[in-house]
Amino acid sequence: MSKTARLGANYWRLWTASVISNFGDGLATVAYPWLASAITRDPVHIALIGVATRLPWLIFSLPAGVITDRVDRRKLIATMDTLRFAITLGVATFVTVVADNLADPSVAAGTAPESGAYLAVLYATALAFGCAEVLRDNAAQTLMPALVEKPLLEKANGRLWGAEMVMNSFVGPPLGGLLIGVAFALPFFVNASTFAISALLIFSLAGAFKATNANVSNQRPTFRADIAEGVKWLWSHPLLRSMAIILGAMNALTTMALATYVLFVQEILELEAASFGVLLSAGAFGGVIGSVLASRISEKIGPGASLFTTIAVSGATMLVTGLTSSAVVVWAMFVLSSFAAVLWNVITVSLRQTIIPDHLLGRVNSVYRFFAWGMMPIGGVLGGVIVSVTEQLADRELALRAPFWMAAAIFVGLYFYALPNLNTARIRAATDAVEPTPV
C-alpha cells in the first residue's frame, strides 16, 4: 500500500450516508423510548418493545448473511434504508394522529380502550424495523473492505464510528428532546428524511459490490448449506468464536441493564425529555475519544489488553450507574462505557474484515452477530422480568437499580473467562495467517 493511499470518494459517500442516518438514529434514541413511556409504564412492556427491535438478530441473522453474500451489497443497504424511511414515516403519521390521546394518563396506565392497539403498533413497528436493520447493518460491515484497502480498515472504521457517535449521541438526542417539546411527531418525520437521504447516497456508490471468489458452479448451494458453511468457518476459528461468545454476553448484560432505562431516567434521575437527550449525548464524547485513540491504544498496549480493558470498564460503569442518583455521574459513566464500546468495535470489526474471506464475509459476519446481537432480546426480557419481580419483593427504586447491579456482578466472571481466550499473541497470529489478496 502506498503511503499516500487515501480512503477515496466511495468511502466518503458511505461516511456521509452513515452520518446522516445516525443523526436520525440519535433523534430516535429519545423519541422512541419517550413514545413507549407515553403508551405504557409497565416495565415488562417497555422491555419487550426493545426486545422486538432486537429479536430479528436472533431469528434472522443467519439467513441475512446468506442474502448478503448472494446479492449486490450496495443495493441491499440502500433498499433497507428505503424500507426504514417508509416505516419511520408511518410511525410519524401514527403519532400525529394520536398525539392528543397520548396526553391522557389512562393510556399509559393501560385502562384506555386504545392502549392495547397502541402497544400493538409499537411492537409491529419495532419488529419490522429490526428486520430491516439486520440486513442493512450486516451488509454495511461487509461493504467496507470493498471501499478501502485492508491496512486502512482501522482508520476508516475509526473515522466512521467517531462521526456516527457524534451524530447518534451528541447532536441527535438533545435535538430529539427539544423537537418532542415542539411536536411529538416531529423527530420521527426528521428521522424518516435521514433514511431517504442515506439511501440516495448509497445508491450513488460506484463499482461492483457482490462477493468475490464466490461459488461459480451451476448449482447454487441451498440456504441451509450456505449457513452451515458460515457457522463451520466461525466455530472452527477459536479466536473469533471466543469473541462472538464474549460480545454476546456483554450485549446481553448491557441490554438487561438498559431494558427499562427510560423509567430509571424519569423516576430515579427525574429528568424530562430534553435532559434525557443531553444525558445520552455522553455517548458522543466517549465514542469520539474511542474512535480517535482506539488504534493508538491497540498499538501501545496490544489489542488483547485493549479488549480486557473494555470488559473491565463496562462492568465498572454498570455498578456505579446502579448506585447513583446523580445525572452527572450517570453521564460520566456513559462517556466511559461508550469509549469502551468503540475501542472494542474498532479492533474486532477491523479484525473480522481482515481475516474472513470475502465470499464468506456476509455469512460469517452474520453468525458472529447472531451471537453478539442475538443475545440482546434475551437480555431485554431478563431486564424487564428482574424489575417486575424485584418490585413485587421490594420497592420500585430498588427494582429499577437491580439490573445494573446484576450486570456488574456477571461482568466480573466474564472478565476472567476472557483472560485465557483473548490475547494479543492470538490476534497477531490470526492476522498474520491471512493470505495476501491477489492483484
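Scroll up for the structure.
Source: prediction; values computed, not measured.

**Q** How should I be thinking about the overall build of the chain in this particular structure?
**A** Helix and strand counts for the chain stand at 18 helices and 0 strands. In terms of overall dimensions, the chain has a C-alpha envelope of 65 × 45 × 40 Å along the principal axes. By the burial criterion, 54% of the 439 residues in the chain qualify as buried. Within the chain, residue pairs in contact and separated by at least 24 positions form 89% of the contacts whose partners lie at least 6 positions apart. Carbon and sulfur atoms make up 67% of the accessible area of the chain, which amounts to about 18100 Å² in all. With 28 positive and 25 negative side-chain charges, the chain shows a spacing of 13 Å between the two charge centroids.

**Q** I would appreciate a short explanation of the nonpolar core in the present structure.
**A** Nonpolar side chains in soluble globular proteins generally cluster together in the buried interior. Membership of the largest hydrophobic core comes to 114 residues, with the highest contact counts inside it found for Leu35, Val148, Met243, Tyr261, Phe276, Trp344 and Leu422. Judged by nonpolar contacts, the second largest core, of 6 residues, contains Val19, Phe23, Ala163 and Leu179.

**Q** Would you mind showing me how to read the environment of Glu272 here?
**A** Here Glu272 lies in the loop between α11 (261–267) and α12 (273–280). What makes Glu272 exposed here is its relative accessible area of 58%. In sequence terms Glu272 and Gly181 are 91 residues apart; their C-alpha atoms lie 10.0 Å from each other.

**Q** So what exactly am I meant to see when it comes to the packing of aromatic side chains here?
**A** The relative placement of two aromatic rings is captured by the distance of their centres and the angle of their planes. Inspection of every chain in the model, using the stated rule, returns 15 aromatic pairs. When the ring of Tyr11 is compared with that of Trp12, the centres are 5.0 Å apart and the planes differ by 80°; the resulting orientation is edge-to-face. Overall, Tyr11 belongs to the buried group, its relative accessible area being 0%. Residue Trp12 is classed as partly exposed on the basis of its relative accessible area of 36%. On the basis of an interplanar angle of 90° and a centroid distance of 5.6 Å, the ring pair of Tyr415 and Phe416 is categorised as edge-to-face.

**Q** Explanation requested: the packing of helix α3 (residues 61–70) against helix α9 (residues 223–235) in the structure shown.
**A** Relative placement of two packed helices is described by the angle separating their axes and the distance separating the axes. Packing of α3 against α9 leaves a shortest axis separation of 9 Å and a crossing angle of 100°. Regarding the angle of α3 to α9, the classification is roughly perpendicular. Contact with α3, carried on its side by Leu62, Pro63, Val66, Ile67 and Arg70, involves Phe223, Asp226 and Ile227 of α9 and no other residues of that element. Considering only residue class, the contact of α3 with α9 consists of 6 nonpolar, no polar and 2 charged.

Cut-offs applied
- Residues numbered from 1 in each chain as written.
- Predicted model: local features only at pLDDT ≥ 70, side-chain atom pairs only at ≥ 80, totals over all residues.
- Heavy atoms only, no water.
- Helix = DSSP H or I, 4+ residues; strand = E, 2+ residues; numbered from the N terminus.
- Buried < 20%, exposed > 50% of the residue type's maximum accessible area, 1.4 Å probe, protein only.
- Contact = heavy atoms within 4.5 Å.
- Areas by Shrake-Rupley, 256 points an atom, 1.4 Å probe, with all protein chains shown as cover.
- Lys, Arg positive; Asp, Glu negative; His and termini not counted.
- Charge placed at Lys NZ, Arg CZ, Asp CG, Glu CD.
- Core = buried A, V, L, I, M, F, W, Y, C linked by side-chain atoms within 4.5 Å.
- Phe/Tyr/Trp six-rings, centres within 6.5 Å; stacked < 30°, edge-to-face > 60°.
- Axes fitted to C-alpha atoms, helices over the stretch in contact; angles between N-to-C directions.
- Parallel < 35°, antiparallel > 145°, perpendicular 65-115°, else oblique.
- Nonpolar A, V, L, I, M, F, W, Y, C, P; charged D, E, K, R; others polar.

Interpretation in functional terms is not warranted from these geometric data alone.
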